[in-house]
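# Architecture at a glance
The lines below spell out each chain.
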Amino acid sequence: MNTDYEASWLTVRLGAVTANYKTFQSLAAPAAVAGVVKADAYGLGAAMVAPRLAAAGCGTFFVARLEEGIALRPLLPTARIFVFDGAAPEAVPALIAHRLTPVLNSLNEIAHWSRCATGRRLDAALHIDTGMNRLGLSPAELSDLAASWRKRLAGLDLALVLSHLASSDDPKSRQNRDQLSRFRTALAMLPPAPASLAPSGGILLGKEFLFDLVRPGIGLYGGHPQPGTGPNPMQTAAVLSGRILQLRRIDKGESVGYAATFRAKRPSMLATVALGYADGVRRSLSNRGMAAVAGRRVKIVGRVSMDMVSVDVSAIAKTRIKTGDAVEFIGDTVTLDDVAETAGTNAYEILTGLGRRLPRRYREGA
Ligand SMILES: *Cc1c(COP(=O)(O)O)cnc(C)c1O
């Protein structure tokens, strides 16, 4: 059906996602590259993105929640799907039924999963905490496991030992090397298994961080793996656009939007665009953020409201702009990382905060 009536939408460039996947493959080789598709592939739509990655050669996926893994299984019948949340007792039957591999985060989880492996073998990943202090085996738990791993891992096949870097977006952080050395120590205490440490940022930290498998998320979706460190090696994969609902001329001294937080210093031309904070245009971008129209950067003026936002298009020639034209709030001109910085957050929160009502339009090419 024709959906030209849509007033705002998110264009997902599937070709860019696979190009970013290939970029990581060439950076990480010979390590394998998994796809982190938690939170609906960071808002882009896991049901479309994950099969694309699989077609590009990705055989390993990570989700956070069990439900996310259950939803993906029919779309990825032969892939390995790891679930970061682990194996709470209530989760075990569904993990087994959907052939999902839990990332075990504590000795308790290991014990329970191992008990479930009586009469059959089960795959497992182990998460070693090397300094994040969020999930994973603590140093004390790791020592206990190392002292009796044959017994504690009975019935289990170790598919992966992983840890997570807390500061991989900052190549200058000393924490990266600290965590690397703790991870190496942990691996030496455990039976041999494939190992994984690096998210997107970690892939750029150097060969020692790659191990057997890398786990990028944000870079696949176009975010800079290390914002502020030079040009982004990733291609733009998510473009947020809204149509101009009205063009209106205002006089000097007139105000715009809720609470009149913007007052025109000169006669101005405004475009009222069909995107608001319900779509993921942060209210914190009020009077600060930028957009792109007719290839030029324009300013957001006044408060971002739920369904609308105003931009000052005074500098755009009349012949180059009309009602119904699309204005880009995230894309090649105003990038995801630009928006995140202006909004005082990161690219992850911007992407995962894109509104549910925004239609996703999938494009093949980059
Ligand atoms: C989210 C996540 C990743 C992916 O991180 P990016 O920074 O998006 O590449 C990798 N590993 C773990 C444990 C995660 O939670």
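Procedures and definitions
Residues numbered from 1 in each chain as written. Predicted model: local features only at pLDDT ≥ 70, side-chain atom pairs only at ≥ 80, totals over all residues. Heavy atoms only, no water. Near = heavy atom within 4 Å. Polar contact = N/O pair within 3.5 Å; in protein donor to acceptor, adjacent residues only side chain to side chain. Areas by Shrake-Rupley, 256 points an atom, 1.4 Å probe, with all protein chains shown as cover. Phe/Tyr/Trp six-rings, centres within 6.5 Å; stacked < 30°, edge-to-face > 60°. Helix = DSSP H or I, 4+ residues; strand = E, 2+ residues; numbered from the N terminus. Buried < 20%, exposed > 50% of the residue type's maximum accessible area, 1.4 Å probe, protein only. Lys NZ or Arg CZ within 6 Å of the ring centre and 35° of its normal. Pairing = 2+ DSSP bridges. Contact = heavy atoms within 4.5 Å. Domains from an automatic or database assignment. Arc of directions from axis to C-beta. Salt bridge = Lys/Arg side-chain N within 4 Å of Asp/Glu carboxyl O.

## Re the site of the ligand
Neighbouring the ligand are 13 residues; Lys38, Tyr42, Ser200, Gly217 and Tyr348 lie closest to it. Measuring from an oxygen atom of the ligand, one finds a side-chain N or O atom of lysine 38 at 2.7 Å. Computed on the free molecule, the ligand has an accessible area of 380 Å², of which 92% lies beneath the protein chains in the complex.

## Some thoughts on the packing of aromatic side chains
Per the stated rule, a full pass over the model turns up 5 aromatic pairs. Residues phenylalanine 62 and phenylalanine 84 carry aromatic rings whose centres are separated by 5.0 Å and whose planes lie at 15° to one another, so their mutual orientation is stacked. Here phenylalanine 62, found in strand E4 (residues 60-63), pairs with phenylalanine 84, found in the loop between strand E5 (80-83) and helix H5 (92-97); they are 22 residues apart in sequence, far enough to count as distant. Classification of phenylalanine 62 as buried rests on a relative accessible area of 0%. One aromatic cluster is present, formed by Tyr42, Tyr221 and Tyr348 through successive ring pairs. Positioned over the ring face of tryptophan 9 is arginine 361, at 4.0 Å from the centre of the ring.

## Observations regarding the pairing of strand E11 (residues 238-250)
Where strand E1 (residues 8-13) lies against E11, 5 bridges are found, and the strand directions are antiparallel. Across the sheet, residue leucine 10 finds its bridge partner in E11, namely leucine 240. When E11 meets strand E18 (residues 326-330), the two strands line up antiparallel, connected through 4 bridges. Residue pairing for E18: leucine 240 is matched across the bridge by isoleucine 330. The pairing of E11 with strand E14 (residues 268-273) spans 6 bridges and is classified as antiparallel. Counterpart to arginine 249 in the pairing with E14 is methionine 269.

## Considerations on the side chain of threonine 236
Summarising the element assignment, threonine 236 is placed in the loop between strand E10 (213-214) and E11. In this structure the side chain of threonine 236 is engaged in a polar contact, spanning 2.7 Å, whose partner is the side chain of aspartate 332. Not counting chain neighbours up to four residues away, the residues in contact with threonine 236 comprise Arg13, Ala16, Gly331 and Asp332.

## Remarks on the domain arrangement of the chain
Segmenting the chain into domains produces domain 1 (14-221) and domain 2 (238-334). Look at where the C-alpha atoms of domain 1 and domain 2 centre, and you get two points 42 Å apart.

## Focus on helix H3 (residues 46-55)
Along an α-helix, residues three or four positions apart point the same way, because every turn accommodates 3.6 residues. Listing the buried residues of H3 in full gives Ala46, Val49, Ala50 and Leu53. Buried residues in H3, looked at end-on, bunch into an arc of 95°, giving them a common side. Positive phi appears at glycine 57, one or two residues downstream of H3, with a value of about 110°.

## Some points on the environment of alanine 7
In this structure, alanine 7 sits in the segment before E1. When its relative accessible area of 29% is taken as the criterion, alanine 7 is described as partly exposed. Counting along the chain gives 80 residues from alanine 7 to alanine 87, while the straight-line C-alpha distance between them is 43 Å. Filtering out sequence-adjacent residues up to four positions away, alanine 7 remains in contact with Gly242, Arg243 and Ala274.

## What about the pattern of salt bridges?
If you walk through the whole model with that rule in mind, you get 12 salt bridges. The closest approach of N and O atoms between glutamate 349 and arginine 282, which form a salt bridge, is 3.7 Å. Residue glutamate 349 is found in helix H12 (residues 347-352), and its partner arginine 282 is found in the loop between E14 and strand E15 (290-293); the two are separated by 67 residues along the sequence. Note that aspartate 325 and lysine 322 form a salt bridge whose closest N and O atoms lie 3.0 Å from each other. Aspartate 325 gets classed as buried once you look at its relative accessible area, which sits at 17%.

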